[in-house]
Number of protein chains: 2
Amino acid sequence: MSTTGAAKKGLVAVEEARRFMVDCLVKSNTPPAHAKQQADLLVEADYRGHFSHGMNRLEMYINDLHKNACNGSAVPAVLNETPATAWVDGNNGLGAVVGNFCMDLAIRKAKEVGVGWVCAKRSNHYGIAGWYTLRAMNAGCIGMSMTNTSPLASPTRSKEAALGTNPISVGAPGKDGDGFVLDMATTAVAVGKIEMQRRKNEPIPVGWAQGPDGHPTTDASVAFDTACLMPLGGTELTSGYKGYGLGAMVEVFCGVLAGANYATKIRKWTHAGADSEADLGQCFVAINPACFAPGFEGRLSDLTGILRNMPMTDPNHPVLVAGDPELHHMAMVDKEGGLAYHVNQIKTCSELSERLGVKPIEVI
Amino acid sequence: MSTTGAAKKGLVAVEEARRFMVDCLVKSNTPPAHAKQQADLLVEADYRGHFSHGMNRLEMYINDLHKNACNGSAVPAVLNETPATAWVDGNNGLGAVVGNFCMDLAIRKAKEVGVGWVCAKRSNHYGIAGWYTLRAMNAGCIGMSMTNTSPLASPTRSKEAALGTNPISVGAPGKDGDGFVLDMATTAVAVGKIEMQRRKNEPIPVGWAQGPDGHPTTDASVAFDTACLMPLGGTELTSGYKGYGLGAMVEVFCGVLAGANYATKIRKWTHAGADSEADLGQCFVAINPACFAPGFEGRLSDLTGILRNMPMTDPNHPVLVAGDPELHHMAMVDKEGGLAYHVNQIKTCSELSERLGVKPIEVI
């Protein structure tokens, strides 16, 4: 069953990946129902090809849970509510638990009054932003989701980082399973892309990251050490201030609106387990398209069709719509019969299974 | 009173610019109350320093009105309504008339149920997107506004344009008049910036625009003739697909949700007066921050303070917050005592006053 690519890696069935994550989380002070929610989120990230946000993050969550920096059994609470809004206290629970709670509430409100706008404070890293918009799409709604994150990106003209990668996701359902799923950091790239260039000993393009002097660097090692990403658009000349503006917009809708930490007040990123609560702010929106012009799904698919069929600059690279690369990856996983994890990821899983006394992950 | 810069130009008092615009519109089949709304929008664009979107656009609106491509006396109508949403038919009215109607409705809903989400079909060019978010901010709300526009930007990998510059604006009020006002096209730059490089006979950076082969060009003349802007982020290597995704997102919230024209179905841009209805789609959102964590305005100003005080890469270029360049321009206009229009703009105004039999614009 396995392809060449998979043979060099460790192929793991999707359900086995989920089982392993649930087991690890349950052994880390997390009730099974919460462990399931967090695992579903992480597995979906891997299934969609965002390996940085799936199994790769499991150890970080486990470390936070063991240090009590995050409370695996916490249940979110509504602090204030109107027909179209809710302000939620995540009570320092797992990101997926808080996020699912908020998006489900937003969907319910969208079904009742057309829109649901829910903000949470005291949340934790919530994985791929697209998870929550997909949840809204599955309920027939347009979904929107944003989170603030630890400072890692510089405002235009600033020497230092003040904002996180602050992702935004918007998803809209089309006909017969078609859809539009935007899920993007508001920085030019994620740190992982710089890490890859560094490993290959290759330069990075101008506009990805700054050096310690605040100017763009093309040296991947300098960029990695400085850890100061540039906003989408890069330098001021190529309108990087727009990406900075979008990152700040996410901060306004998340940290500021929810009354959570924001900007430089958010703790530094750590994999080892934090010693304080993250208190991240997050925003979840559902819009019921049935309240507007009838036939939304048909028009959405007409738009995606127009875009996918635009004349190509390079005949080998068809025009894609947001969400298409993920659909291609999911089809590949289905064909190969599992998730192709890097050998180092499998090694980390083995270490986790020993550390937690969990049944080892089974590689096909 | 006039500075060197203004002396080379024609300084016009803000109220005189407004008077002239109202007179021209009234002579073009538009009732005074509608003319006033449209003029307020255009004057504000000039006051904020966005001269491309102010008096510069007056002639285009006048041409559309005389050709009946736009109906100056049309009043928008609500087609469907829920407590938090409204679907509006702009009835092919003036952009400002439709936009003000929709945003005022969104604000009312935000005061009642926390959020108002209003979409309009059959609208026209609505000027600076920020006008509508400022309206929400003045009512103590967070505002969001988007519009689709004539195709002028290529999806990543596409040889031709399929989306407009599709701007997005988000505005949030801070303390004592402070605020955050993002107002940006989702393309890297507007056509005007390419036009300026062309006039100066200087190249453009990679990532602004494509040539006829679909690849980025640095030749300003080629870029101007091709009229195919690149999305924010530029090429695929520097994540231009994110800007493309944002442009498509605006199209989903505008043309698709409202049931208006979208993407390649929108008529080509024309200054001479169009021969068909534009049927643009637009989206207006108001969110009442009082429904979430108390003290929003204070936190917003704390965030803008953090950003403005970040260490500078270049000591001569302080870090700005979205909306700051506009505040600086408004202060300059106040100091100079008027709007410094280019001599060619004054010439166009003279021609318009003759053509329409309107009292000429008075230059200080």
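Reading the values: the criteria
Residues numbered from 1 in each chain as written. Chains lettered and ligands numbered in written order. Predicted model: local features only at pLDDT ≥ 70, side-chain atom pairs only at ≥ 80, totals over all residues. Heavy atoms only, no water. UniProt positions renumbered as here; feature names shortened; annotations may be inferred. Salt bridge = Lys/Arg side-chain N within 4 Å of Asp/Glu carboxyl O. Helix = DSSP H or I, 4+ residues; strand = E, 2+ residues; numbered from the N terminus. Buried < 20%, exposed > 50% of the residue type's maximum accessible area, 1.4 Å probe, protein only. Pairing = 2+ DSSP bridges. Axes fitted to C-alpha atoms, helices over the stretch in contact; angles between N-to-C directions. Contact = heavy atoms within 4.5 Å. Domains from an automatic or database assignment. Polar contact = N/O pair within 3.5 Å; in protein donor to acceptor, adjacent residues only side chain to side chain. Parallel < 35°, antiparallel > 145°, perpendicular 65-115°, else oblique. Left-handed = near helix turned anticlockwise from the far one by under 90°. Nonpolar A, V, L, I, M, F, W, Y, C, P; charged D, E, K, R; others polar. Buried area = accessible area lost by both parts, 1.4 Å probe. Core = buried A, V, L, I, M, F, W, Y, C linked by side-chain atoms within 4.5 Å. Least-squares fit on C-alpha atoms with pLDDT ≥ 70 in both. Expected span 1.5 Å × (residues − 1). Arc of directions from axis to C-beta.

In the annotation of an unreviewed UniProt entry, the entry for chain A reads AGAP006576-PC, and the organism field reads Anopheles gambiae. What UniProt records for chain A under Sequence similarities (unreviewed entry) is the sentence "Belongs to the LDH2/MDH2 oxidoreductase family."

## Quick notes on the pattern of salt bridges
Summed over all chains, the structure comprises 32 salt bridges over all chains. Linking lysine 265 of chain B and aspartate 302 of chain A is a salt bridge whose minimum nitrogen-to-oxygen distance equals 2.6 Å. In this pair, lysine 265 of chain B sits in the loop between α9 (240-258) and β8 (280-287) while aspartate 302 of chain A sits in helix α10 (residues 296-308), so the two residues belong to two different chains. Classification of aspartate 302 of chain A by relative accessible area gives partly exposed; the value is 29%. Linked by salt bridges that have partners in common, Glu15, Arg18, Lys36 and Asp40 of chain A make up one network.

## A few points about the sheet that holds strand β6 (residues 168-173) of chain A
All names here are of chain A. A sheet is described by the order of its strands in space; here seven strands give the open sequence β2-β3-β4-β8-β5-β6-β7, paired in mixed fashion. Each of the sheet's edge strands pairs with one partner strand only, and the pair in question is β2 (77-81) and β7 (179-184). Direction aside, the axes of adjacent strands within the sheet are offset by 15° on average. Across six bridges, β6 lies against β7 in antiparallel orientation. Pairing of valine 170 across the sheet is with leucine 182, part of β7. With respect to the sheet, helix α9 (residues 240-258) is in contact with β3 (85-89), β4 (115-123), β5 (142-147), β6 and β8 (280-287), its orientation differing from that of β4 by roughly 70°.

## Quick word on the domain arrangement of chain A
Examined at the domain level, chain A breaks down into domain 1 (1-67 + 326-363), domain 2 (77-186 + 229-322) and domain 3 (189-227). The C-alpha centroid of domain 3 of chain A is placed 28 Å from the C-alpha centroid of domain 1 of chain A.

## Looking at the side chain of serine 145 of chain A
Residue and element names in this part refer to chain A. Positionally, serine 145 belongs in strand β5. Note on serine 145: relative accessible area 0%, which makes it buried. Polar contacts involving the side chain of serine 145 include one to the side chain of tyrosine 126, which spans 2.6 Å. Within the structure, the side chain of serine 145 is placed 3.4 Å from the backbone oxygen of alanine 129, a separation counted as a polar contact. Excluding its chain neighbours within four sequence positions, the residues that come into contact with serine 145 are Tyr126, Ala129, Tyr132, Thr133, Pro167, Ile168, Ser169, Cys283 and Phe284.

## Side note on the packing of helix α4 (residues 55-66) of chain B against helix α12 (residues 343-356) of chain B
Residues and elements named next belong to chain B. One way to put it is that α4 packs onto α12 with a least axis distance of 9 Å and a crossing angle of 30°. Relative to α12, the element α4 lies roughly parallel. Viewed along their axes, α4 and α12 form a crossing whose handedness is left-handed. Residues Met55, Asn56, Leu58, Glu59, Ile62, Asn63 and His66 of α4 lie in contact with α12, whose contacting residues are Gln345, Thr348, Cys349, Leu352, Arg355 and Leu356. Taken together, the residues of the contact of α4 with α12 sort by class into six nonpolar, five polar and two charged.

## Overview of the environment of valine 75 of chain A
All names here are of chain A. Checked against the element boundaries, valine 75 lands in the loop between α4 (55-66) and β2. Expressed as a C-alpha distance, the spacing of valine 75 and leucine 94, which sit 19 residues apart in the sequence, is 9.0 Å. Residues in contact with valine 75, not counting those within four places in the same chain, are His34 and Asn91.

## Brief notes about the interface of chain B and chain A
Every contact between the two is made by 88 residues of chain B and, on the other side, 88 residues of chain A. Roughly 7,000 Å² of surface becomes buried between chain B and chain A when both sides are summed, with 73% attributable to carbon and sulfur atoms. Three residues, Arg157, Phe292 and Thr313 of chain B, lead the burial of chain B against chain A; their summed loss comes to 11% of the area buried on that side. Across the chain B-chain A interface, the total number found is two salt bridges. Viewed at the interface, chain A and chain B are joined by 38 residue pairs in polar contact (both at pLDDT 80 or more). Counting only elements with at least two residues in the side of chain B that touches chain A, the list comes to β3 (85-89), β4 (115-123), β5 (142-147), β6 (168-173), β7 (179-184), α9, β8 and α10 (296-308) of chain B. Among the elements that line the side of chain B that touches chain A, the one with the most residues is α9 of chain B, at 15 residues. Partitioned by chemical class, the residues of the side of chain B that touches chain A number 59 nonpolar, 19 polar and ten charged.

## Some points on the pairing of β7 of chain A
Of all the six residues making up β7 of chain A, five are buried; the element is thus mostly covered by neighbouring parts of the structure. A loop of five residues connects β6 of chain A with β7 of chain A, the two strands running antiparallel in sequence, and aspartate 176 of chain A in this loop sits at a positive phi of about 50°.

## So, the nonpolar core
Membership of the largest hydrophobic core comes to 92 residues, with the highest contact counts inside it found for Trp117, Met249 and Phe253 of chain A together with Trp117, Met249 and Phe253 of chain B. Non-local contacts of phenylalanine 253 of chain A, meaning those with residues more than four positions away in its chain, are made with Trp117, Cys119, Met146 and Cys283 of chain A together with Ile142, Val170 and Ile287 of chain B.

## Some details on the relation of the copies chain B and chain A
Each of the two chain copies goes to the other by way of a rotation about an axis and a shift along it. Once chain B has been moved 0.0 Å along the axis and rotated by 180°, it coincides with chain A to within an RMSD of 0.0 Å. Seen this way, the second copy is the image of the first under a two-fold rotation axis. Looking at the rotation axis and the C-alpha trace of chain B, the residue lying nearest is glycine 233 of chain B, at 2.1 Å. Both copies share a contact surface, since 100% of the interface residues of chain B are interface residues in chain A too.

## As for the sheet that holds β4 of chain B
Residue and element names in this part refer to chain B. Strand order in the open sheet made by the seven strands is β2-β3-β4-β8-β5-β6-β7, with mixed pairing throughout. Two strands in the sheet have a free side with no partner beyond their single neighbour: β2 (77-81) and β7. With strand direction ignored, the average angle separating the axes of adjacent strands in the sheet is 15°. Bridge analysis of β4 against β8 gives seven bridges, and the strand direction is antiparallel. Pairing of tryptophan 117 across the sheet is with valine 285, part of β8. Across the face of the sheet, helix α6 (residues 130-138) comes into contact with β5, β6, β7 and β8 while running at roughly 20° to β6. Sheet strands touched by α9: β3, β4, β5, β6 and β8. Its angle to β4, the strand with the most contacts, is close to 70°.

## Considering helix α12 (residues 343-356) of chain A
All names here are of chain A. Here α12 contains 14 residues, and its C-alpha end-to-end distance of 20 Å stays within 8% of the 20 Å for a straight helix at 1.5 Å per residue. Every buried residue belonging to α12 is among Gln345, Ile346, Cys349, Leu352, Ser353 and Leu356, and all of these are buried. Across the axial projection of α12, the buried residues extend over an arc of 115°, all falling on one side. Pointing more than 90 degrees away from the buried face of α12 are the exposed residues Lys347 and Glu354. Of the residues flanking the end of α12, it is glycine 357, one or two places downstream, whose phi is positive at about 70°.

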